[in-house]
Amino acid sequence: MRKFKTESKKLLDLMINSIYTNREIFLRELISNASDAVDKLYFKSLTDKEIQLGKDELAIQVSFDKDARTVTVSDSGIGMTKDELDRNLGTIAHSDSMAFKMDNAESQGDDVDIIGQFGVGFYSAFMVAKSVRVVSKAYGSDEAWAWESDGVEGYTISEATREDHGTDVILTLKDNGENSDGTGENYDTFLSEYGLKSLIKRYSNYVRYPVQMEVSKTREKPKPEDAGDDYKPEYESYTEIDTINSMIPIWKRSKSEVTEEEYNEFYKTDFHDFADPARTFSIHAEGALSYDALLFIPSRAPYDLYSKDFKKGLALYSSNVLIMEKCEELLPDHYNFVRGVVDSQDLQLNISRETLQHNSQLRAIAKKVEKKITAELKKMRDNDREEYERFFENFGRGLEYGIYTSYGMLKDELAELLLFYSAKQQKLVTLDEYLEAAPADQKAIYYAAGESIDRLAKMPIVNTVLAKGYDVLLCTRDVDEFCFTAMMTYGRAAAEGEDAPEPLELKNVASGELDLATEEEKKEAEEATKENEALFTAMKDVLGDAVSSVTVSSRLTDAPACVTAAGPVSLEMERILAQTPDGADMKSERVLEINAKHAVFDVLKAAQEAGDADKVKLYTEVLYNQALIVEGMPIDDPVAYANAVTKLMA
Ligand code: ADP
Ligand code: MG
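Owing to the predicted nature of the structure, the values given are computational and were not obtained by experimental measurement. (Residues numbered from 1 in each chain as written. Chains lettered and ligands numbered in written order. Predicted model: local features only at pLDDT ≥ 70, side-chain atom pairs only at ≥ 80, totals over all residues. Heavy atoms only, no water.)

**Remarks on a negative patch on the surface**
For the record, the criterion: Residues with no salt bridge and a relative accessible area higher than 30% make up the patches, which join like charges within 9 Å and nonpolar side chains (Val, Leu, Ile, Met, Phe, Trp, Tyr) within 5 Å. Areas reported here follow the Shrake-Rupley algorithm with a probe of radius 1.4 Å; residue values treat only the protein chains shown as occluding. We define a salt bridge as a side-chain nitrogen of Lys or Arg found within 4 Å of a carboxyl oxygen belonging to Asp or Glu. Residues scored as charged are limited to Lys and Arg (positive) and Asp and Glu (negative), so that His and the chain ends carry no count. Lysine's charge is taken at NZ, arginine's at CZ, aspartate's at CG and glutamate's at CD. Per-residue accessibility, obtained with a 1.4 Å probe over protein chains only, is compared with the maximum for each type, and a residue is labelled buried under 20%, exposed over 50%, and partly exposed between these values.
Taken together, the side chains of Glu513, Glu520, Glu524, Glu526, Glu527 and Glu531 define an acidic patch exposed on the protein surface. Taking the relative accessible area as the measure of exposure, Glu526 reaches 55% and is therefore exposed.

In structure tokens:
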């Protein structure tokens, strides 16, 4: 009996005692080793004319025996000598990530995620097997050797027989566990044709050699010559060797070779969507870092896209072997909806989650992926507007959210991709389109935020701005205004040979100074505010803390009054924040603005002069609440408001 080296022993303990749920990856590891072994022989054959390889010799065989509870993976690859068996299977390759994994596992007593994510090679067999026998004959040798172990203390190596070069790895599966609570591991799925086939398809579909299995099928028996009219076809079962994997990864094939249909099928099966993707695109990078990526923009949002449980990520392959189904590091949050595959031969198979984050190759790929997605979205925006609008309906919120959560840092990348409803053009426009249509003297990008386009379109302030000849973006997504607040300004990108145009401030028409009035109008409003100080003080007293001031408006034409916000929080932001756990006390600083040219104002003035405090109170309350209703804000006391209106009518 030879003893395992210390660190191999540690890992084995982890494997055996692991409650790891992805035990099934053992098959991926064994097939990947078999594929490597065939690779080695294949490469040898390229330089050594003596080696003639038949097509069959490249195939990898998977089989099982239900009664003996064995699963066998065989290859006709390069094989291992006695020494190699000892060295390769008795010691685990020492690498930093492995050492890290094990230290971590020990200190946290948590083997769960560490083992499974990345494959730890051959030893993963002990997650499912109580013993493993490896029979191998090295190419060019005439001795075969068997390595055997129960994975606990050590292993034995003894003489064996094998016809040809290559390796059989024979696992005797653990017994199905029976825990006292009725749970327990069940390994029977690995002893079924269906179970093994599914695993091969799932994890090893793109291994470049055929992975074959004997499968049972049925066929119709030939019709006897003397069959009468009432002959019913008879069936028989038979077995046949089938190649289970598709071998050539679809992302490695050139685009002209693959039909749209095939891409769509691949997308739907691999990413579990029932709808075809909206867009399919790929990256083929060669050079210091070579990789292929195949990316999809779904045509609809998954139901859980905006929930906490949603996991972004691309499938990560290294030389056609799946390393990870969702590698988050490959996608930025704002493109979390993108699905796809990245395959790089330059990444190691046993790359760990911990080292992934610091992996510069992966970061370089992620950067390129992000750029490519942005470019693809721009293309879609410019060439297929209808489809882009559908896309934006599904995923636009995430782009805005990206700008918001990056405090505007992503503005340059993402702002061009946004769409908003234009009150003037009555359709969705980009910010660039908004600016292109804007008169030269326009000082800001105007928007109004609220619950519905219809309502916003009727807001008096919106109409005032429209009447001045300026378009207003009607924003109905909860994140719109937060995104704008993070952006602060937006300027069109400079065309060739042009200086970049001055960026314009993004301005809520119902917040702060609007700067639309002429100097004269402003002065008038200021004077009127001063002249009527006593009235406004009285009105402010009526409203108390609800408003910070009452002033004459320079932004109203027809409506008698409006409520605006003076500080950084707009009325709409207040409404949205009120629905979040920690935003409830974020209040806007409200200002009641009165239209001094409106007949109601004259009535108010007369009441103030006549000392009719009751009337001033009644009018003030009605005006304030009306303005809120028009702007889609809830009013504090609907009953009091109704009573006040009734009083006016009687
Ligand atoms: P890795 O594949 O990352 O090197 P493994 O633990 O999967 O690590 O395998 C350890 C070593 O055992 C391999 O590097 C290889 O030399 C040897 N080996 C495993 N399986 C086979 C096989 N089927 N044929 C030849 N050599 C093998
Ligand atoms: Mg391996």
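Let us keep going from here.
**Here we look at the sheet that holds strand S21 (residues 549-552)**
So the rule is basically this: Strand pairing is assigned whenever DSSP detects at least two bridges linking the two strands. Secondary structure counts use DSSP, requiring at least four H or I residues in a row for a helix and at least two E residues in a row for a strand, with both numbered from the N terminus. Convention adopted: a line fitted to C-alpha atoms gives each axis, helices being fitted over their contacting stretch, and angles between N-to-C directions are expressed from 0 to 180 degrees.
The mixed open sheet is built from three strands, whose spatial order is S21-S23-S22. Among the strands making up the open sheet, the edge pair consists of S21 and strand S22 (561-565). Averaged over all pairs of adjacent strands, the angle between strand axes in this sheet comes to 30 degrees, irrespective of strand direction. With five bridges connecting them, S22 and strand S23 (residues 590-594) associate as antiparallel partners.

**Points about a nonpolar patch on the surface**
Together, Tyr42, Phe43 and Leu46 line one region of the surface with nonpolar side chains, adding up to about 300 Å² of accessible area. Here Leu46 is to be found in helix H2 (residues 25-47).

**Overview of the pairing of strand S5 (residues 144-149)**
Burial runs high along S5: five of the six residues are buried. By the bridge criterion, six bridges tie strand S4 (residues 129-137) to S5 in an arrangement that is antiparallel. Counterpart to Val135 in the pairing with S5 is Ala146. Taking the residues between adjacent antiparallel strands as the criterion, S4 and S5 are bridged by six residues, where Gly140 takes a positive phi near 85 degrees. Relative to strand S6 (residues 154-160), S5 is paired through six bridges, and the arrangement is antiparallel. When the sheet's bridge partners are listed, Ala146 is paired in S6 with Ser158. Hairpin connection between S5 and S6: a loop of four residues separates the two successive antiparallel strands, and Gly151 in this loop has a positive phi of roughly 75 degrees.

**Remarks on the packing of aromatic side chains**
Stated precisely, the cut-off is as follows: Two aromatic rings from Phe, Tyr or Trp, using only the six-membered ring of Trp, form a pair when their centres are within 6.5 Å; if the ring planes differ by under 30 degrees the pair is stacked, by over 60 it is edge-to-face, and anything between is tilted. Definition used: whenever NZ (Lys) or CZ (Arg) falls within 6 Å of the ring centre and also within 35 degrees of the ring normal, the charge is taken to sit over that ring.
Applying the stated criterion across every chain yields a total of 26 aromatic pairs. Seen from their ring centres, Phe4 and Tyr123 are 6.1 Å apart, and the 80 degrees between their planes marks the pair as edge-to-face. One end of the pair, Phe4, is in the loop between strand S1 (2-3) and helix H1 (6-17); the other, Tyr123, is in the loop between helix H5 (112-116) and S4, with 119 residues separating them in the sequence. Taken individually, Phe4 and Tyr123 each receive the classification buried, so the pair is uniform in this respect. Where Trp147 meets Tyr155, the ring centres are 5.5 Å apart and the plane angle is 25 degrees; that geometry is what we call stacked. With a relative accessible area of 2%, Tyr155 lands in the buried category. Of the aromatic side chains, those joined through ring pairs into one cluster are Trp251, Phe266, Tyr267, Phe271, Phe296 and Tyr317. When the ring centre of Tyr238 is taken as reference, the NZ or CZ atom of Arg219 above it lies at 3.9 Å. Over the ring of Phe310 we find Lys326, and its NZ or CZ is 5.7 Å from the ring centre.

**Points about the sheet that holds strand S8 (residues 211-220)**
Stated formally: In what follows, residue pairs with any heavy atoms lying within 4.5 Å of each other are defined as contacts.
Here nine strands make up an open sheet; going across it, the order is S1-S6-S5-S4-S7-S3-S2-S8-S9 and the pairing mixed. On the outer flanks of this sheet lie S1 and strand S9 (235-243), each paired with one strand and no other. Along the sheet, H2 contacts strand S2 (60-65), strand S3 (70-75), strand S7 (166-173) and S8; its crossing angle with S3, the most-contacted strand, is approximately 20 degrees. On top of the sheet, helix H6 (residues 193-204) reaches S2, S3 and S8; it is set at about 130 degrees to S8, its chief contact.

**Describing the site of ligand 1**
What counts, and what does not: When at least one non-hydrogen atom of a residue lies within 4 Å of a molecule or strand, that residue is treated as near it. In protein, a polar contact means a hydrogen-donor-capable atom and an acceptor-capable atom, both N or O and within 3.5 Å, with residues adjacent in sequence counting only if both atoms are side-chain atoms; elsewhere, any N or O pair within 3.5 Å suffices.
All residues adjacent to ligand 1 are Asn33, Ala37, Lys40, Asp75, Met80, Asn88, Leu89, Gly121, Phe122 and Thr167. A distance of 3.1 Å separates an oxygen atom of ligand 1 from a polar side-chain atom of Asn88. One nitrogen or oxygen atom from the side chain of Thr167 is found 3.4 Å from a nitrogen atom belonging to ligand 1. Here ligand 1 has 530 Å² of accessible area as a free molecule, and 73% of this is covered by the chains. Taken together, the elements giving at least two residues each to the shell around ligand 1 come down to H2 and helix H3 (82-90). If one sorts the elements of the shell around ligand 1 by residue count, H2 sits on top with three residues.

**A word on the pattern of salt bridges**
With the rule as written, the count across this model stands at 38 salt bridges. Residues Asp333 and Lys312 are paired through a salt bridge, measuring 3.1 Å at the closest nitrogen-oxygen approach. Of this pair, Asp333 sits in the loop between strand S13 (321-327) and strand S14 (339-343) while Lys312 sits in the loop between strand S11 (291-297) and strand S12 (314-318), and the two are 21 residues apart along the sequence. Residue classification places Lys312 among the buried residues on the basis of a relative accessible area of 14%. Notably, a salt bridge pairs Glu376 with Lys379, separated by 3.5 Å at the nearest N-O pair. Highlighted residues: Glu376 and Lys379, both in helix H9 (residues 360-383), separated by three residues, approximately one helical turn. Here Glu376 falls in the buried class, since its relative accessible area comes to 6%. It is possible to trace a salt-bridge network through shared partners that takes in Arg279, Glu376, Lys379 and Glu387.

**Concerning the packing of helix H17 (residues 533-543) against helix H19 (residues 599-609)**
Counted only if it meets this: Working rule for angles: under 35 degrees goes down as roughly parallel, over 145 as roughly antiparallel, 65 to 115 as roughly perpendicular, anything else as oblique. Under the scheme applied, nonpolar residues are Ala, Val, Leu, Ile, Met, Phe, Trp, Tyr, Cys and Pro; charged residues are Asp, Glu, Lys and Arg; polar residues are all the others, including Gly.
Relative orientation of the contacting elements H17 and H19 amounts to 95 degrees, with a least axis distance of 10 Å. By the angle between their directions, the pair H17 and H19 is classed as roughly perpendicular. Across the interface between the two elements, Ala534, Leu535, Phe536, Ala538 and Met539 from H17 touch Phe601, Leu604, Lys605 and Gln608 from H19. When grouped by side-chain class, the residues that make up the contact of H17 with H19 number seven nonpolar, one polar and one charged.

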